[in-house]
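Residue-level structure breakdown
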Amino acid sequence: MTSSQESKKQELPPTAWAVLGLLSFPGERTGYELKKWADSSLRFFYWSPAISQIYAELRRLEDLGYAASVRSGPEEARAKRRYAITDAGRGALAGWAADTAEAGPPVLKHGLLLRIWLGHLAEPERLRAMVGEHLERTRGELAAVREAMEQASGVPEWTFPTLALRWSERQHLAELELAEALLTDLDGLTEGRRDPGRQADGDAPTPG
């Protein structure tokens, strides 16, 4: 590996490792197939990169020698490029996965809670409706997680992805419980505190 390639390796973003991770399972896959798999697996506990990001990372991984691709022949109606991990890529991925460096804290960006935080500007019923919509969406996501778990069940190569999906199932169940508790909290607010035109006296509630 050249010094330029070594530098690029050290700068690989998590998305590149995630795409390489998708390639680490048996078989060759197109970028579209990788996107479908990310949507039915990665998105439940990390995120699913856009198809443009996947192709950008595949080009980067090929440049590093971590992935290789072959173009389909004339027997297919539409030409496709299929990607596979190389021995060098598998070695690099194993090293990254086993790295003892701190992985960093989970990043939570909860759009609903941001709106709840600004609840003094909203009607109470609208807030309750948003929580209700969140509950329905979470139930749908939970069903999708369980469907993915069922598809992965019994496949030896997918043992560890199944563990990640099982964690995601528990996380969605906890999210449902938290949302139900949030509805209870909203119901407990007095009408005076929910007046959208009312402004609190004094400073913002910051420590110290």
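Residues numbered from 1 in each chain as written. Predicted model: local features only at pLDDT ≥ 70, side-chain atom pairs only at ≥ 80, totals over all residues. Heavy atoms only, no water.

What follows deals with the layout of surface pockets. Of the voids in this model, the largest pocket is the one considered here, and its volume is about 2,000 Å³. Surrounding the largest pocket, 47 residues form its lining, Leu42, Phe44, Phe45, Tyr46 and Trp47 being those nearest its centre. Residue assignment for the lining of the largest pocket shows that the elements contributing at least two residues are helix 2 (14-23), helix 5 (87-97), helix 7 (124-152) and helix 8 (159-187). Tallied by class, residues from the lining of the largest pocket come to 26 nonpolar, 12 polar and nine charged. (1 Å grid on protein atoms, 1.4 Å probe; cavity = no way out; pocket = protein on both sides within 12 Å on 5 of 7 lines; lining within 4 Å. Points joined across faces, edges and corners; volume = space filled by probe spheres on them. Helix = DSSP H or I, 4+ residues; strand = E, 2+ residues; numbered from the N terminus. Nonpolar A, V, L, I, M, F, W, Y, C, P; charged D, E, K, R; others polar.)

Now for the pattern of salt bridges. Tallying each qualifying case throughout the model produces nine salt bridges. For arginine 139, the salt bridge goes to glutamate 180, with nearest N and O atoms at 3.5 Å. Here arginine 139 is found in helix 7, whereas its partner glutamate 180 is found in helix 8, with 41 residues between them in sequence. Shared partners join several salt bridges into a network, and the residues in it are Glu136, Arg139 and Glu180. (Salt bridge = Lys/Arg side-chain N within 4 Å of Asp/Glu carboxyl O.)

With that settled, the discussion passes to a nonpolar patch on the surface. Residues Phe45, Tyr46, Trp47 and Trp167 make up a contiguous nonpolar surface patch of about 430 Å² in total accessible area. Mapped onto the fold, tryptophan 47 is located in the loop between helix 3 (31-39) and helix 4 (51-64). On the basis of relative accessibility, which here comes to 34%, the residue tryptophan 47 falls in the partly exposed class. (Patch = residues over 30% accessible without salt bridge, like charges linked within 9 Å, V, L, I, M, F, W, Y side chains within 5 Å. Areas by Shrake-Rupley, 256 points an atom, 1.4 Å probe, with all protein chains shown as cover. Buried < 20%, exposed > 50% of the residue type's maximum accessible area, 1.4 Å probe, protein only.)

Two elements in contact, helix 2 and helix 4, have axes whose closest approach is 9 Å; the angle formed by their N-to-C orientations is 80°. Comparing their axes, helix 4 and helix 2 come out roughly perpendicular. Residues Thr15, Ala16, Val19, Leu20 and Leu23 of helix 2 form the contact with helix 4, whose own contacting residues are Ile54, Glu57, Leu58, Arg60 and Leu61. Among the residues forming the contact of helix 2 with helix 4, the class breakdown is seven nonpolar, one polar and two charged. (Axes fitted to C-alpha atoms, helices over the stretch in contact; angles between N-to-C directions. Parallel < 35°, antiparallel > 145°, perpendicular 65-115°, else oblique. Contact = heavy atoms within 4.5 Å.)

So, on to the packing of helix 2 against helix 5. Helix 5 packs onto helix 2 with a crossing angle of 120° between their chain directions and a minimal axis gap of 10 Å. In terms of their interaxial angle, helix 2 and helix 5 are classed as oblique. The way helix 2 lies across helix 5 gives a crossing that is left-handed. Counted together, Trp17, Leu20 and Gly21 of helix 2 and Gly89, Ala92, Leu93 and Trp96 of helix 5 form the full contact between these two elements. Grouping the constituent residues of the contact of helix 2 with helix 5 by class yields five nonpolar, two polar and no charged. (Left-handed = near helix turned anticlockwise from the far one by under 90°.)

A separate point is the packing of aromatic side chains. Within the structure shown, the criterion is met by four aromatic pairs. Taken together, a centroid distance of 5.9 Å and an interplanar angle of 45° make the contact between tryptophan 37 and tryptophan 158 tilted. A residue pair is termed long-range when its members are at least 10 positions apart, and tryptophan 37 in helix 3 and tryptophan 158 in the loop between helix 7 and helix 8 qualify at 121 residues. Relative accessible area serves as the criterion here: at 16%, tryptophan 37 is assigned to the buried category. (Phe/Tyr/Trp six-rings, centres within 6.5 Å; stacked < 30°, edge-to-face > 60°.)

Ranked by internal contacts, the top residues of the largest apolar core, which has 23 residues, are Trp17, Leu20, Leu23, Leu34, Leu58 and Tyr66. Those elements that provide at least two residues to this core are helix 2, helix 3, helix 4, strand 2 (81-85) and helix 5. The biggest single contributor to this core is helix 2, with seven residues. Look past the residues within four positions of leucine 58 in its chain and what remains in contact with it is Val19, Leu23, Gly31, Leu34 and Tyr83. Core analysis: the next-biggest nonpolar cluster, separate from the first, contains 13 residues, Leu112, Leu127, Ala179 and Leu186 among them. (Core = buried A, V, L, I, M, F, W, Y, C linked by side-chain atoms within 4.5 Å.)

What follows covers the side chain of lysine 35. Mapped onto the fold, lysine 35 is located in helix 3. A residue is classified by how much of its surface remains accessible, and lysine 35, at 19% relative accessible area, is buried.

The next point concerns helix 7. For helix 7, built from 29 residues, the straight-helix expectation of 42 Å at 1.5 Å per residue is met to within 8% by its first-to-last C-alpha distance of 42 Å. Considered for burial, the residues of helix 7 that qualify are Leu127, Met130, Val131, His134, Leu135, Thr138, Leu142, Ala144, Val145, Ala148, Met149 and Ala152. Buried residues belonging to helix 7 abut helix 6 (111-117) and helix 8. Positive phi shows up at glycine 154, right after helix 7, with a value of about 85°. (Expected span 1.5 Å × (residues − 1).)

Any functional reading would require information that these geometric values do not contain.
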